[in-house]
Amino acid sequence: MTAQPQRRPRTGEGLRVLRGRKLRKPSIAPWMIMVIIAVVAFLGLAFARTSLDRSAFDLAELNHSIEEQLALNEQLRLEVARLENPARIAPLAAEMGLVIPTDTQQLLVNLDAPSPVVAESESNGANQ
């Protein structure tokens with residue numbers, strides 16, 4: 001014995017078709033806005049990265065220039081010290097006839113007293 005399904009009692013109405021709204025295409029605008037934002041963000045990051053890299057190259061170039069200038073400064077200091085050496089200057093001075101003075105006079109200057117002012121008179125802007 002097999003069981004047979006019991007039928008549903010029929011109601012007064014049969015199946016009916018409901019008319020819905022028309023199916024519309026999905027809107028593309030939100031996706032386009034998201035794509036535009038993503039592209040702008042990507043380009044902004046690329047520009048920022050490029051700017052940082054350019055700044056790093058400029059900084060490295062400046063550091064290299066500073067090192068060169070420091071080396072040149074050190075060389076110039078050594079040259080000044082060599083040229084100021086009294087052992088080098090004394091023979092050159094003797095060659096030119098310069099001698100160390102034997103008698104010296106001391107000059108005393110009174111800084112509190114006013115100094116005399118010497119002015120030349122000019123007529124019509126020309127010296128005569």
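First things first, this report covers the structure right here in the doc. Everything numeric in this text was worked out from a predicted model, so none of it was measured.

**Some points on the overall build of the chain**
Here comes step 1: Summing up its helical and strand segments, the chain has two helices and zero strands in all.
Here comes step 2: Within the chain, buried positions represent 1% of all 128 residues.
Here comes step 3: Counting every atom, the chain has about 14,200 Å² of accessible surface; 61% of that belongs to carbon and sulfur.

**Re a nonpolar patch on the surface**
Here comes step 1: A contiguous nonpolar patch, built from V35, V39, F42 and L43 and spanning about 400 Å² of accessible area, is present on the exposed surface.
Here comes step 2: Of note, V35 is situated in helix α1 (residues 29-83).

**Quick notes on the pattern of salt bridges**
Here comes step 1: All chains considered together, the criterion is met by one salt bridge.
Here comes step 2: Measuring nitrogen to oxygen at the nearest pair gives 3.7 Å for the salt bridge that ties D53 to R49. One end of the pair, D53, and the other, R49, are both in helix α1, four residues apart, so they sit about a helical turn from each other.
Here comes step 3: Residue classification places D53 among the partly exposed residues on the basis of a relative accessible area of 33%.
Here comes step 4: By relative accessible area, which is 54% here, R49 ends up exposed.

Analysis parameters
- Residues numbered from 1 in each chain as written.
- Predicted model: local features only at pLDDT ≥ 70, side-chain atom pairs only at ≥ 80, totals over all residues.
- Heavy atoms only, no water.
- Helix = DSSP H or I, 4+ residues; strand = E, 2+ residues; numbered from the N terminus.
- Buried < 20%, exposed > 50% of the residue type's maximum accessible area, 1.4 Å probe, protein only.
- Areas by Shrake-Rupley, 256 points an atom, 1.4 Å probe, with all protein chains shown as cover.
- Patch = residues over 30% accessible without salt bridge, like charges linked within 9 Å, V, L, I, M, F, W, Y side chains within 5 Å.
- Salt bridge = Lys/Arg side-chain N within 4 Å of Asp/Glu carboxyl O.

Function cannot be read off these values alone, since they describe shape.
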